[in-house]
Amino acid sequence: MTRGIVIVGNEAPLTLALSQEAARRLETHGLALIPAETAGTPLQFPPPPATIPLTWSPSSPISARTLLVAAENRLSRIDEALLVCTPLALRARPDQLDPALITQLIDDHLKGWYYLVREFCRYFRERKAGTLAMVLAENPLSGEREETPDLLGSALGAAYRSFMQSVLASAPGAAYRLVGFTGNDPSQDGDFAAFIFKVLDEDNRRENGKLHRFGKLGIFR
């Protein structure tokens, strides 16, 4: 039976690398993206039928449920859900912050993960099978003093990491698999994506709840 995989993340290189890796392994997979907040050249994700584009409004709990239902209808089943957080940088002086923009960014890049985790965990629990993988692209630490420091990315990354660790801590006794991944080297996005799929393919139940680290601190587990 066809393996059903859903990838959800912001429009970032790691999300692209995971989508490309899925396209190499499967005929099709579901893909939902947080729209980019800044103008620029959009990333070229694998086109349909390699991907099934799915609509998601991160700030809406109803949209999280709708996304899951749409993915199941289009893929026939959901075996694995990959939630990919690449923290968005916001470089500005504190007195220049736009309250409306801050609300939008927090809604889209933080609250949305809580809604999705809730829905996918309920889905996999009811079916007593499946894998929820939470993936975090951590920015390498910089020793240089920045003229306009990032006021958002580090906070989003720390919040997602803490949430991921708490979710993984609930793995004992679960009838489905929970697994986490962190990487800290953007130049290795392709290798990181391949590593993630390697771990998923192994389906080692003894590692349920484990956080796998990839990057400059060590490629191997």
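A brief look at the structure comes next. Predicted model only: the values in this text are computed from it and were never measured. Here, residues in each chain are numbered from 1, in the same order as that chain's written sequence. Thresholds applied to this predicted model are a pLDDT of at least 70 for local features of residues and 80 or more for the giving and counting of side-chain atom pairs; totals over whole chains, interfaces and linings are not thresholded and use all residues. Think of the side-chain values as coming from all heavy atoms in the structure, minus any hydrogens and water.

### Quick notes on the nonpolar core
And step 1. Throughout this description, the term nonpolar core refers to a set of buried Ala, Val, Leu, Ile, Met, Phe, Trp, Tyr and Cys residues connected via side-chain atoms within 4.5 Å. Each residue is assigned to one of three classes by its accessible area relative to the maximum for its type, calculated with a 1.4 Å probe on protein chains only: buried under 20%, partly exposed between the two thresholds, exposed over 50%. Residues Val8, Leu83, Trp113, Leu116, Phe120 and Leu132 are the most contacted members of the largest nonpolar core, which totals 35 residues.
And step 2. Sorting the residues of this core by element identifies strand S1 (5–10), strand S2 (29–34), strand S3 (51–54), helix H2 (61–75), strand S4 (80–85), helix H3 (99–127), strand S5 (131–137) and helix H4 (153–169) as the ones contributing at least two each.
And step 3. If you look at the next biggest cluster of nonpolar residues, it comprises 25 residues, including Leu82, Ala193, Phe197 and Leu200. For helices the rule is a DSSP run of H or I covering at least 4 residues; for strands it is a run of E covering at least 2, with both sets numbered from the N terminus onward.

### Re the state of the cysteines
And step 1. For the purposes of this analysis, a disulfide is any pair of cysteine sulfur atoms at a distance within 2.5 Å. Applying the stated criterion across every chain yields a total of zero disulfides.
And step 2. Cys121 supplies the cysteine sulfur nearest to Cys85, a cysteine that is in no disulfide, at a spacing of 16 Å.
And step 3. Looking at Cys85, the relative accessible area reads 4%, which means it is buried.
And step 4. A relative accessible area of 14% means that Cys121 is categorised as buried.

### Regarding unusual backbone geometry
And step 1. Cis peptide bonds are those with omega within 30 degrees of zero, and the linkage from Pro48 to Pro49 qualifies with 5 degrees.
And step 2. Position of Pro49 among the secondary structure elements: in the loop between S2 and S3.

### Section: the pairing of strand S7 (residues 211–214)
And step 1. When DSSP finds at least two bridges between two strands, those strands are taken to pair. By the bridge criterion, four bridges tie strand S6 (residues 177–183) to S7 in an arrangement that is parallel. Its bridge partner lying in S7, Gly180 is registered against Leu211.
And step 2. In the classification by handedness, the crossover that spans S6, the intervening helix H5 (residues 189–202) and the parallel S7 is left-handed. Every crossover in which the path from the first strand over the helix to the second runs clockwise, viewed with the strands pointing away from the viewer, is termed right-handed.

### Quick look at the sheet that holds S3
And step 1. An order of S3-S2-S1-S4-S5-S6-S7 is seen for the seven strands of this open sheet, with the pairing classed as parallel. Each having just a single partner strand, S3 and S7 make up the two edges of the open sheet. The mean inter-strand angle of the sheet, taken between neighbouring strand axes irrespective of direction, is 20 degrees.
And step 2. Lying on the sheet, H5 is in contact with S1, S4, S5, S6 and S7; it crosses S6 at an angle near 160 degrees. Note on geometry: axes are lines fitted to C-alpha atoms, helical ones only across the stretch in contact, with angles between N-to-C directions running from 0 to 180 degrees. Contact between two residues is taken to exist if any of their heavy atoms lie within 4.5 Å; hydrogens are not considered.

Honestly, that's just the spatial picture; any functional story needs more than this.
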